[in-house]
Amino acid sequence: MAASEENSALFPIFVLSVMALPLVPYTVITLFRAFSKKTKDIHCQCSVCSSSGKYRQSIFKRISNFSTWSNLSVVLLWIVMAVLVYYIKNISHEIEVFEPFSILGLEPRASDSEIKKAYRRLSIQYHPDKNPDPEAHTYFVEYISKAYQALTDPVSRENFEKYGHPDGRQGLQMGIALPSFLLNIDGASGGVLLLAIVGVCILLPLVMAVIYLSSSSKYSGNYVRHQTLSAYYYFMKPSLAPSKVMEIFTKAAEYMEIPVRRSDDEPLQRLFLLVRSELNLDLKNIRQEQAKFWKQHPALVKTELLIQAQLNRESAALSPALLGDFRRVLELSPRLLEELMKMAIMPRTSQGHGWLRPAIGVVELSQNFIQAVPLSARKTTGGVSEGIAPFLQLPHFSEAIVKKITRKKVRTFQEFQDLTIQERAELLTQVAGFSAAESQDVEMVLEIMPSITIDIKCETEGEEGIQEGDIVTMLAWITLKRGNGLVGALPHAPYFPFHKEENFWLLLADSVSNVVWLSQKLSFMDEAAAITAATNAIQQSKEGLGSSLKEINVAVKEAVEKVRNGSRLAMCKFQAPAEGNYNLTFYSLCDSWIGCDKKTPLKVKVLKRSRAGTRAGDLAGEGLTVEDKIEEEEEEEEEGFDDYESEYSEDDEDEKDTRTNGIVANDSGHGEHSGSSSDGEE
């Protein structure tokens, strides 16, 4: 019984030790990371972003940021540990070794007469006939009587003095630090305990696993429903104009699940009148077009109107119920647009190419969505050849302001950026009527806007010249510069209420035949991951060239320095196509900023195979050859930029004239790419 009580008392200590073993180091590491984070602001500091409250660190927002599942679990575990410490410290009874002399209040060498005298004294105090208290009776029987018997019996006293126990030498006793109810099990409680163990240890994890698998089977790795991916794949077409991408985007299953309430009818009607000009309705048959629009599925109508509310900055006209749905639409949009982009660039043609035109449309929709700029702003209007969309993402700008600026020979957004700070300030204050503070807001946004430069080279690995079937390795350094000196930063997006990082889609494509050879998503936020990727790519490239260890280390060191200075390395491999000259374009498309895209023309010459054998079977094998036959000419560069002009003003004609000539095979996923191709029509 005593052993059982001792084991039961040790159980809290056992639980405390098991909890503290992982919890203490995890908490120390978490706190160290929290205090070692850089406090440098990477978001826009203009007054528009500040007044939006997006980055305001109120007490509620700080609590919300802290209240993650991991942090709450750590706090809860520390509370449990504190309760266990308090319980152990103030435990109701103490486990003591049986000490008869101490119980009787005697010294260890006391005589028999002293023992009897102490026993009579304690009997008067605790004997049941003298003291009716039940606790006194228990103490007398369990302690005083046993102690007296142990000391008055010669054998018991000798055993106690020699072995420390009245019964003589004791063997080693082992116990389990478990509660007593687990050690003293009878028939009835045993069955209940067995059911509890089966329920907690087997049934509960099984039920949780079934629920998790049933729900996760509906979603992809990016937490997008498979039903959405199927719809995007089915409706994606090579001739899809950028302005038509919206129709596919709204068909996401996540948007179809947004509830449609009868109380939303009137607010949606008012919203429809505000954004009607952006819905691509035929004004000649406006009544029929409106009726056709409202006959669509209610969820599609609601989603498209809420998206137009974002693009036209009309969220203030929404009712409280619609405002919640509006935030849900915005919250889902980044990952849905990312999956829509993957559907556009995934291999579709017989040569394994993706489609360029819909890919550009998806990126343009993402840019307008984040910056809350209407799609119609991309159309060529007035003297602005590229549309007024880049200007509208700046704070305090409107269509009227842009018209005033363009009268002063500032036709394009690039010309506006090329002005000096003093010239811009004079233009904004004197022509546009901006105050000094508003002009300063514009400068802050221009300073945080990224400027991209691209440096591409194709390396040969052991051979000269690119021949049919060779594996071509392309290394592209993408360098980002900002006026404020930052590399990784959050875009100026005061009308998008959620955290959004900049991403850049890198595409190697043929704009004439509307195909994408290679694609990769790039971010400048994680420098450590970029260093690792660049190091691995350089090592692989140099080892293929047979470089020495010293040369590899020097190249890796240079690559690491480039990454720290704001560059990122994109490495792709593809199989050389059939003999011919190929005019390609390398695109860098930002999904958050309008007017920050960059493209570089490439001319690749593929020779007829003259070498024996083929090296197309193994991308990572030795003896791979590639030749850099890239020529950059001013005339070709101008033609390439003409190909990339936004197509919102020519949708109908472009949909009828779609060219899909295949050139090179590729795997358009991220990382390495391969495939087969031939000249001619697809």
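Calculation notes
- Residues numbered from 1 in each chain as written.
- Predicted model: local features only at pLDDT ≥ 70, side-chain atom pairs only at ≥ 80, totals over all residues.
- Heavy atoms only, no water.
- Helix = DSSP H or I, 4+ residues; strand = E, 2+ residues; numbered from the N terminus.
- Buried < 20%, exposed > 50% of the residue type's maximum accessible area, 1.4 Å probe, protein only.
- Contact = heavy atoms within 4.5 Å.
- Areas by Shrake-Rupley, 256 points an atom, 1.4 Å probe, with all protein chains shown as cover.
- Axes fitted to C-alpha atoms, helices over the stretch in contact; angles between N-to-C directions.
- Parallel < 35°, antiparallel > 145°, perpendicular 65-115°, else oblique.
- Left-handed = near helix turned anticlockwise from the far one by under 90°.
- Nonpolar A, V, L, I, M, F, W, Y, C, P; charged D, E, K, R; others polar.
- Phe/Tyr/Trp six-rings, centres within 6.5 Å; stacked < 30°, edge-to-face > 60°.
- Lys NZ or Arg CZ within 6 Å of the ring centre and 35° of its normal.
- Polar contact = N/O pair within 3.5 Å; in protein donor to acceptor, adjacent residues only side chain to side chain.
- UniProt positions renumbered as here; feature names shortened; annotations may be inferred.
- Expected span 1.5 Å × (residues − 1).
- Salt bridge = Lys/Arg side-chain N within 4 Å of Asp/Glu carboxyl O.
- Core = buried A, V, L, I, M, F, W, Y, C linked by side-chain atoms within 4.5 Å.
- Pairing = 2+ DSSP bridges.
- 1 Å grid on protein atoms, 1.4 Å probe; cavity = no way out; pocket = protein on both sides within 12 Å on 5 of 7 lines; lining within 4 Å.
- Points joined across faces, edges and corners; volume = space filled by probe spheres on them.

(A) Seen up close, the overall build of the chain. A tally of regular secondary structure across the chain gives 27 helices and eight strands. Relative to its 682 residues, the chain shows a buried fraction of 43%. Sequence-distant contacts, at least 24 apart, represent 72% of the contacts inside the chain between residues at least 6 apart. Surface exposure of the chain reaches about 37,300 Å², of which carbon and sulfur atoms provide 55%.

(B) Expanded view of the packing of helix H14 (residues 265-275) against helix H16 (residues 298-311). As a packed pair, H14 and H16 sit with axes 10 Å apart at the nearest point and diverge in direction by 55°. Comparing the axis directions of H14 and H16 gives the class oblique. Remark: the crossing between H14 and H16 carries left-handed chirality. Contacts between H14 and H16 involve Leu268, Leu271, Phe272 and Val275 from the former and Lys302, Leu305, Leu306, Gln308 and Ala309 from the latter. Classifying every residue of the contact of H14 with H16 by side-chain character gives seven nonpolar, one polar and one charged.

(C) The packing of aromatic side chains, seen in detail. Inspection of every chain in the model, using the stated rule, returns 20 aromatic pairs. Plain terms: the ring middles of Trp517 and Tyr582 are 6.0 Å apart, the flat faces sit at 70° to each other, and that makes the pair edge-to-face. Linking Trp517 in strand S5 (residues 515-522) with Tyr582 in strand S7 (residues 580-590), this pair joins segments that are 65 residues apart in sequence. The same class applies to Trp517 as to Tyr582, namely buried. Counting every residue linked through ring pairs, the aromatic cluster contains Phe391, Phe397, Phe413, Phe416 and Phe434. Over the face of the ring belonging to Phe235 we find Lys251, whose NZ or CZ atom lies 5.1 Å from the ring centre. One Lys or Arg, Arg348, reaches over the ring of Tyr233 and ends 3.9 Å from the middle of that ring.

(D) A look at the side chain of Asp470. Relative to the elements of secondary structure, Asp470 occurs in the loop between strand S2 (451-459) and strand S3 (471-481). Here the side chain of Asp470 touches Gln467 through a polar contact of 2.9 Å, landing on its backbone nitrogen.

(E) The arrangement of the UniProt feature "transmembrane region" (unreviewed entry) in the chain in detail. Mapped onto this structure's residue numbering, the UniProt feature "transmembrane region" (unreviewed entry) falls at residues 12-32, 66-88 and 192-213. Secondary structure content for residues 12-32 is 100% helix and 0% strand, and the end C-alpha separation is 29 Å.

(F) Seen up close, helix H24 (residues 527-544). Between its first and last C-alpha, H24 extends 26 Å over 18 residues, near the 26 Å set by a 1.5 Å rise per residue. When H24 is considered as a whole, its buried residues turn out to be Ala530, Ile531, Ala534, Thr535, Ala537, Ile538 and Ser541. Put simply, Asp526 is the residue that caps the front of H24, since its side-chain oxygen is 3.3 Å from the backbone nitrogen of Ala528. Gly546, located one to two residues past H24, shows a positive phi value of around 75°.

(G) Structural context of the pattern of salt bridges. A full pass over the atoms with the stated rule returns 15 salt bridges. Linking Arg261 and Asp264 is a salt bridge whose minimum nitrogen-to-oxygen distance equals 3.4 Å. Since its relative accessible area comes to 26%, Arg261 is described here as partly exposed. For Asp325, the salt bridge goes to Arg261, with nearest N and O atoms at 2.5 Å.

(H) Main features of the packing of helix H11 (residues 226-235) against helix H17 (residues 320-345). Interhelical geometry of H11 versus H17 gives an angle of 45° and a closest axis separation of 9 Å. Put simply, H11 runs oblique to H17. As for how H11 packs across H17, the hand of that crossing is right-handed. Across the interface between the two elements, Thr228, Leu229, Tyr232 and Tyr233 from H11 touch Leu336, Glu339, Leu340 and Met343 from H17. Partitioning the contact of H11 with H17 into residue classes produces six nonpolar, one polar and one charged.

(I) Molecular detail of the nonpolar core. In terms of nonpolar packing, the biggest core is built from 62 residues, with Leu394, Phe397, Phe416, Ile478, Leu508 and Phe586 touching the most fellow members. With five residues, the top contributor of residues to this core is S3. Beyond its immediate sequence surroundings of up to four residues, Ile478 is in contact with Ile452, Thr453, Ile454, Leu506, Leu522, Phe524, Gly566, Ser567, Arg568, Ala570 and Phe586. Judged by nonpolar contacts, the second largest core, of 57 residues, contains Ile307, Val329, Leu356 and Ala359.

(J) Quick peek at the sheet that holds strand S1 (residues 354-355). Across the sheet, five strands lie side by side as S1-S5-S4-S7-S8; this open sheet has antiparallel pairing. Looking at which strands have only one partner, the edges of the open sheet turn out to be S1 and strand S8 (598-606). The pairing of S1 with S5 spans two bridges and is antiparallel. The residue of S5 that forms the bridge with Trp355 is Val515. Contacts between H17 and the sheet are confined to S1, strand S4 (504-510) and S5, with S4 contributing the most and set at about 15° to the helix.

(K) Representation of empty space enclosed by the protein in the model. As enumerated under the stated definition, the model contains one cavity of 30 Å³ or more in all. Contributing elements (two or more residues each) for the lining of the largest cavity: S4, S5 and strand S6 (567-575).

(L) Quick look at the pairing of S7. With eight of 11 residues buried, S7 lies mostly within the body of the structure. The sheet contact formed by S4 and S7 spans six bridges and is antiparallel. Its bridge partner being in S7, Leu506 is matched across the sheet by Ser588. Here S7 runs beside S8; their pairing, made up of nine bridges, is antiparallel. The residue bridging Asn583 from the neighbouring strand is Lys603, located in S8.

(M) The arrangement of unusual backbone geometry in detail. One non-glycine residue, Asn280, lies in the positive phi region at around 55°. Here Asn280 is to be found in the loop between H14 and helix H15 (286-294). A positive phi is found at His396, a non-glycine position, where the angle reads about 70°. Position of His396 among the secondary structure elements: in the loop between helix H19 (389-392) and helix H20 (399-406).

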